[in-house]
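# Understanding the architecture of this molecule
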Amino acid sequence: MTITLNIGPHQFKRPVIMGILNVTPDSFSDGGSYVSHEQALARVEQMLKEGADIIDVGGESTRPGAADVSLTEELQRTVGVIKAIKQRFDCLVSIDTNKAQVMQQAVEAGADIINDVCALTNPGALEVAADSGVPVCIMHMQGKPRSMQANPQYDNVVSEVITYLKQRVESCVAAGIVESNIIVDPGFGFGKTLDHNFQLLAQLNEFKQLGLPILAGVSRKSMFGKLLGKSPDSLMAASVAGAVLAAQQGAHIFRVHDVQETADALNVYSKVQMSK
Ligand code: 7PM
């Protein structure tokens, strides 16, 4: 079964690369705590040249562990950057957020996709996403970001994550989101041990039963860091290997830091597929 990915007028029949743009003070700070648009735009330009199809804008620096970023802070970080990207480049932008107000203002600023690691479970998120009419990526997470890595437990991680995503797809459809606008994501690293993450990667093909485009986000994740005893910035080769393994099992969209290297590897993969 092949799934054609439709994002607005854009159609994808090949692997889709989503380049990560963190707009947090530790990434593109001008020395104060403001995110510099020029630096962010330069990074976007580079990722587009390297083969990114979508730019994923995220304004929350603190995922597992620390406290949440305030709404005002997250809006300040993301909305202006999205406007600047859409003004300067002809590209797709996704907004990585779990807050309804950020989704709404990001879409008004030009965001084409809502990417929510909380699968639209926060107050107002389903409604905003449905009203906006844009495609959504819903991701599985066990627990809450602050505590999810404390003691993740599953009887069968693969079937439990699939069941969760099925339920969330139902809720999305009930809220008025058209099914063809839903992308699913197993949520590597979100409330999962190293073994859970590798079981998900090994059986990613099972997610095809959902009949929806699959997004895989393994780039520089701790599943590789723990396995190899390396820090996130030394995980490019492992991440690229992870992307190819995910592609082989039917993933459609790859959320990555290293765009050029992933694009090269996925082009090799696609050529092999076409040569069968
Ligand atoms: C700290 C911990 C900072 C974790 C950043 C992260 C995904 C995502 C992220 C994913 C989708 C990261 C994560 N991961 N959205 N946003 N899927 N759809 O490692 O796997 O980039 S943030």
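Below is a short write-up of the structure. (Residues numbered from 1 in each chain as written. Predicted model: local features only at pLDDT ≥ 70, side-chain atom pairs only at ≥ 80, totals over all residues. Heavy atoms only, no water.)

### Notes on the pattern of salt bridges
- Scanning all chains against the criterion turns up nine salt bridges.
- For Lys-99, the salt bridge identified is with Glu-74, shortest N-O distance 2.5 Å. Note that Lys-99 is positioned in the loop between strand S5 (92-96) and helix H4 (100-108) and Glu-74 in helix H3 (residues 71-88), a separation of 25 residues in sequence. The pair Lys-99 / Glu-74 is uniform in exposure class, with both members buried.
- The salt bridge partner of Lys-86 is Asp-112, with a shortest N-O separation of 2.8 Å. Placement of Lys-86 in helix H3 and of Asp-112 in the loop between H4 and strand S6 (113-116) is noted, with a sequence separation of 26 residues between them.
- Its relative accessible area of 28% is what places Lys-86 among the partly exposed residues.
- Counted as one network, the salt bridges with shared partners bring together Asp-56, Asp-96 and Arg-255. (Salt bridge = Lys/Arg side-chain N within 4 Å of Asp/Glu carboxyl O. Helix = DSSP H or I, 4+ residues; strand = E, 2+ residues; numbered from the N terminus. Buried < 20%, exposed > 50% of the residue type's maximum accessible area, 1.4 Å probe, protein only.)

### Considering the sheet that holds strand S4 (residues 54-58)
- In space, the eight strands of this open sheet follow the order S8-S7-S6-S5-S4-S3-S10-S9, with parallel pairing throughout. Across the chains shown, the open sheet's two edge strands, defined by having one partner strand only, are strand S8 (182-185) and strand S9 (215-216).
- Sheet analysis places strand S3 (residues 16-22) next to strand S10 (residues 253-256), joined by four bridges and oriented parallel. Bridge pairing links Met-18 to Arg-255 in S10.
- Where helix H2 (residues 37-50) meets the sheet, its contacts fall on S3 and S4, and the angle it forms with S3 comes to roughly 165°. (Pairing = 2+ DSSP bridges. Contact = heavy atoms within 4.5 Å. Axes fitted to C-alpha atoms, helices over the stretch in contact; angles between N-to-C directions.)

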